[in-house]
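# Residue-level structure breakdown
Spelled out, the chains give:
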Amino acid sequence: MKTYKAYKFRIYPNDPQRILINKSFGCRRLVYNHYLAIIKENKYMNAKACIADYVDNLKYQYPFLTEVDSIIIRKSLFNLEDAFKRYFNKQGEYPRFKSKYSKNSYNTSAIYRKYKDKEYCNIEIDLRKRKIKLPKLKWITIRGYRKLNDIQGRIINATISREPNGKYYVSVLYELPSLTNQYVVPKMIVGLDLGIKNLITLSDNTVFENNKYIEKYEKRIKKLQRSLSRKVKRSKNYYKIKYKLAILYSKLKNARNYYLHQITKKITDEYDIVVTEKFQTKNMLQNKNLSKKIADASFYEIIRQLEYKSRFK
């Protein structure tokens, strides 16, 4: 059975690289929205038909599309096809147009070639020098996983993203070597109870407090939201306040995630088996009195982190 794991790094592109990344976001969005508009006006086209039309027509209509990695264009059309498949199978809503004001990202695949008995890939990571090589962008400085000097595995793809606060990240998906089927007798087993007052209570009476990060940032967020409501939409002052809000939300998210990673790592390091009840978070969020506190506690994220950290222990 194949095992996959993603490693996310912050990247620090220089000015030419930043321009090309932003251009890649725009090209991906333009192609996606262009063919979504055609499908809405005429009839459904699969990714293969869209790619054929792009090669014959659209890339000549907009020559700047050829300046970015061609895999990005194809991936965006396959994403559009997947969105329609989910809609047809009643698993999602009708696809919507992409906005440049939301989170921007694009995905590119790893391509391997052999030359003189040596294998080369268009995506490379050098953790000792803290650099990553990406198609069209060449080498970019990265930050993250300070204690990691090497990753044993095969790169599958990379996703480059820009958060609303203006920071750039890359997530690299690896196919890891197959794990041995050696049976290990578990020594430490613990039960886990999630709550709002105490975030996690273990069966051995260990308690992890709920830091309630939303309460620490709520006043500042509300103040900026009130200020934003008084600004003229799409004005310079409107986007200044929106940028400040994005930074504040980013700080809230990072503080919460950092704490969750600390406690989930501690649990998975100390115990071999972790047992918890099955949560229906979606139903719990319908409680108007507790929805904000439940969302801040991030029950789903805790379970998700415990699952994958236990798997790669």
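What counts and what doesn't
- Residues numbered from 1 in each chain as written.
- Predicted model: local features only at pLDDT ≥ 70, side-chain atom pairs only at ≥ 80, totals over all residues.
- Heavy atoms only, no water.
- Helix = DSSP H or I, 4+ residues; strand = E, 2+ residues; numbered from the N terminus.
- Contact = heavy atoms within 4.5 Å.
- Areas by Shrake-Rupley, 256 points an atom, 1.4 Å probe, with all protein chains shown as cover.
- Lys, Arg positive; Asp, Glu negative; His and termini not counted.
- Charge placed at Lys NZ, Arg CZ, Asp CG, Glu CD.
- Patch = residues over 30% accessible without salt bridge, like charges linked within 9 Å, V, L, I, M, F, W, Y side chains within 5 Å.
- Salt bridge = Lys/Arg side-chain N within 4 Å of Asp/Glu carboxyl O.
- Pairing = 2+ DSSP bridges.
- Axes fitted to C-alpha atoms, helices over the stretch in contact; angles between N-to-C directions.
- Expected span 1.5 Å × (residues − 1).
- Buried < 20%, exposed > 50% of the residue type's maximum accessible area, 1.4 Å probe, protein only.
- Parallel < 35°, antiparallel > 145°, perpendicular 65-115°, else oblique.
- Nonpolar A, V, L, I, M, F, W, Y, C, P; charged D, E, K, R; others polar.
- Disulfide = S-S within 2.5 Å.

Here we take up the overall build of the protein chain. Helix and strand counts for the protein chain stand at eight helices and 13 strands. Its C-alpha atoms put the protein chain at 65 × 65 × 45 Å along the principal axes. Counting only contacts in the protein chain whose residues sit at least 6 apart along the sequence, the fraction spanning at least 24 positions is 67%. Just so you have it, the protein chain exposes about 20700 Å², and 50% of that area is on carbon and sulfur atoms. Where the 69 positive side-chain charges of the protein chain centre and where its 28 negative ones centre are 7 Å apart.

Residues Tyr44, Tyr87 and Phe88 make up a contiguous nonpolar surface patch of roughly 290 Å² in combined accessible area. Structurally, Tyr87 can be placed in helix α3 (residues 70-88).

Turning our attention to the sheet that holds strand β10 (residues 189-194). One open sheet accounts for four strands, arranged β12-β11-β10-β13; its pairing is mixed. Of all strands in the sheet, those with a lone pairing partner are β12 (207-209) and β13 (273-276), marking the two edges. Strand-to-strand twist across the sheet, computed as the mean angle between neighbouring axes with direction ignored, equals 20°. Bridge count for β10 against strand β11 (residues 198-202) is three bridges, and the pairing is antiparallel. Directly across from Asp193, in β11, lies its bridge partner Thr201. Relative to β11, helix α5 (residues 236-270) is tilted by about 5°, and along the sheet it contacts β10, β11, β12 and β13.

This part covers α3. The first and last C-alpha atoms of α3 sit 28 Å apart over 19 residues, in line with the 27 Å expected at 1.5 Å per residue. Taken residue by residue, α3 has Ile71, Ile72, Ile73, Ser76, Leu77, Leu80, Glu81, Ala83 and Phe84 as its buried positions. On its buried face, α3 sits against α1 (15-41), α2 (47-61) and β2 (104-109). Just downstream of α3 lies Lys90, where phi reads positive at about 60°.

Our focus in this paragraph is the sheet that holds strand β1 (residues 3-12). The seven strands lie next to each other as β2-β8-β9-β1-β7-β6-β5, forming an open sheet whose pairing is antiparallel. Each of the sheet's edge strands pairs with one partner strand only, and the pair in question is β2 and β5 (124-126). Within this sheet the neighbouring strands show an average axis-to-axis angle of 35°, counted without direction. Note: β1 against strand β7 (residues 138-143), three bridges, orientation antiparallel. Opposite Arg10, over in β7, you have Arg143 as the bridge partner. Against the sheet, α1 makes contact with β1, β2, β7, β8 (154-162) and β9 (168-176), and its axis sits at roughly 90° relative to β2, the strand it touches most. Across the sheet, α3 is in contact with β2 and β8; its angle to β2 comes to roughly 110°.

This part takes up the packing of helix α4 (residues 213-229) against α5. Two numbers describe how α4 lies on α5: the axes approach to 10 Å, and their chain directions differ by 170°. Compared by their axis directions, α4 and α5 come out roughly antiparallel. Each of Tyr213, Ile214, Tyr217, Arg220, Ile221, Leu224, Gln225, Ser227 and Leu228 in α4 lies in contact with α5, whose residues at this interface are Tyr238, Ile241, Lys242, Lys244, Leu245, Leu248, Tyr249, Lys251, Leu252, Ala255, Arg256 and Tyr259. In terms of residue class, the contact of α4 with α5 is built from 14 nonpolar, two polar and five charged.

We now examine the state of the cysteines. The final tally for this structure, using the stated rule, is zero disulfides. The thiol sulfur of Cys27 is not disulfide-bonded, and the nearest other cysteine sulfur, from Cys50, lies at 17 Å. Take Cys27: its relative accessible area is 1%, and that puts it in the buried class.

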